[in-house]
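# A closer look at the structure
One-letter residues, chain by chain:
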Amino acid sequence: MASVIGFLGFVIFAPVAGALLAGIDRRITARMQGRVGPPILQPYYDVRKLIEKDDRSVNAVQGVYVAMYLMFAIIAGAIFFSGGNFLLCIFVLTLSSLFFIIAGYSTRSPYAEAGAAREMLQVMAYEPMVLLVAIGFYLASGSFDVSAIATTGSPMIFSLPLVFLGFVYVLTIKLRKSPFDLSTSHHAHQELVKGITTEMSGRTLAMVEVTHWYENIFFLGWVALFFVTGSGASIALAIVVAAVIYFLEILIDNNFARVKWSAMFESAWLVALVLGFVNLIVFYI
């Protein structure tokens, strides 16, 4: 029963929470930049407007690839919040990202292709640390099942503090926040402002935005998993920590300039090697 509630809860409420989170993100960002900022519901208004527009695509398959990107992101999140296999979540989410990359390449636009290449580099940069998170959860709980990891009795953060720090580092890449907003950005501080989404519009671009809402809630769920032990108090603590981490991401997003892809790649792998492996080796010994 709990798995069904988690499944339906994510599919139905994640885009609502994701839209509100995006609205709060924009408002805080505006205040940090000395502006009033848009209404909290502005992301919802933007997507509704995109859906009402004519769907103009450069080819017939771009929309199909983006729909696959959305569908597999929803499946990955639903598996996670229903207590399913964490490793399967990672593989399905990676498949979702690959469809997004293919959608960018399918346009044959130099701007979109550059964004797709950078999106692929971002996936290659954060995947090692994400896999180490899964291995760490398995070593600490004896299972890849999210339901088992979340009911071990002791928070994962006690066993995997360095893995958690490493995951928070690559989370900036996964959320496409500055300084790692290489493939696409909501800021106007790079030459390829929209990158991989340059040739997307109408309902296709709306699906991309909704997918980002799902992804944001999904990734914050990963943060929460480090603190959940099955009790109501631990769930409340996990929600507070996830909110603090997201605020930290907004703070970083507005205070750091975009780095080159090589710096992102090297730093992400270095963090995985140092924080991830050291924590797992110490825990195993």
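Before any of the text, the structure's been laid out above.
Here the residue index of a chain counts from 1 through its sequence in written order. Residue-level local features of this predicted model are given only where pLDDT is at least 70; pairs of side-chain atoms are given and counted only at 80 or more, and the full residue set underlies all totals for whole chains, interfaces and linings. The side-chain values count all of the structure's non-hydrogen atoms but skip hydrogen atoms and water molecules.

## Some details on unusual backbone geometry
For the peptide bond that leads from S178 to P179, omega is 15 degrees, which places it in the cis range. Strands here mean DSSP runs of E at least two residues long; helices mean DSSP runs of H or I at least four residues long; both are numbered from the N terminus. Along the chain, P179 falls in the loop between α8 (161–174) and α9 (202–225). Within the chain, R108 stands out as a residue other than glycine whose phi angle is a positive 65 degrees. Its place among the elements puts R108 in the loop between α4 (86–106) and α5 (110–141). Throughout this description, buried means an accessible area under 20% of the type-specific maximum (1.4 Å probe, protein chains only), exposed means over 50%, and partly exposed covers the range between. Residue R108 is classed as exposed on the basis of its relative accessible area of 63%. Phi is positive for R176, which is not a glycine, with a value near 60 degrees. Within the secondary structure, R176 sits in the loop between α8 and α9. The class of R176 is buried, set by a relative accessible area of 9%.

## Overview of the packing of α8 against helix α11 (residues 261–284)
Where α8 meets α11, the closest approach of the two axes is 7 Å, and the angle between their N-to-C directions is 160 degrees. Comparing their axes, α11 and α8 come out roughly antiparallel. Relative to α11, α8 is oriented so that their crossing is left-handed. Contacts between α8 and α11 pair P161, L162, V163, L165, G166, Y169, V170 and I173 from the former with M264, S267, A268, V271, L275, G276, V278, N279 and L280 from the latter. Here the contact of α8 with α11 is built from residues that sort into 13 nonpolar, four polar and no charged. To get an axis, a line is fitted to the C-alpha atoms, and for a helix only the part in contact is used. The angle between two axes follows their N-to-C directions and goes from 0 to 180 degrees. Every angle not falling under 35 degrees, over 145, or within 65 to 115 is termed oblique; those three ranges are roughly parallel, roughly antiparallel and roughly perpendicular. Working rule for handedness: look at the near helix, and if it is turned counterclockwise from the far one by less than a right angle, call the crossing left-handed; if clockwise, right-handed. The contact criterion used throughout is that any non-hydrogen atoms of two residues lie within 4.5 Å. Residue polarity is assigned by list, with Asp, Glu, Lys and Arg as charged and Ala, Val, Leu, Ile, Met, Phe, Trp, Tyr, Cys and Pro as nonpolar; anything else, Gly included, falls into the polar class.

## Remarks on the packing of aromatic side chains
Centre-to-centre distance and the angle between the planes together describe a pair of aromatic rings. Any two of the Phe, Tyr and Trp rings considered here, Trp counted by its six-membered ring, make a pair once their centres fall within 6.5 Å; the pair's planes then place it as stacked at under 30 degrees, edge-to-face at over 60, or tilted in between. Within this structure, the stated rule accounts for 22 aromatic pairs. A centroid spacing of 5.7 Å and a plane angle of 35 degrees characterise the contact between F167 and W222, whose relative ring orientation is tilted. Of this pair, F167 sits in helix α8 while W222 sits in helix α9; the two residues are 55 residues apart in sequence, bridging distant segments of the chain.

## Some remarks on the side chain of T197
Examined against the element boundaries, T197 turns out to sit in the loop between α8 and α9. What makes T197 buried here is its relative accessible area of 6%. Setting aside residues no more than four positions away along its own chain, T197 makes contact with F100, T184, L205 and V208.

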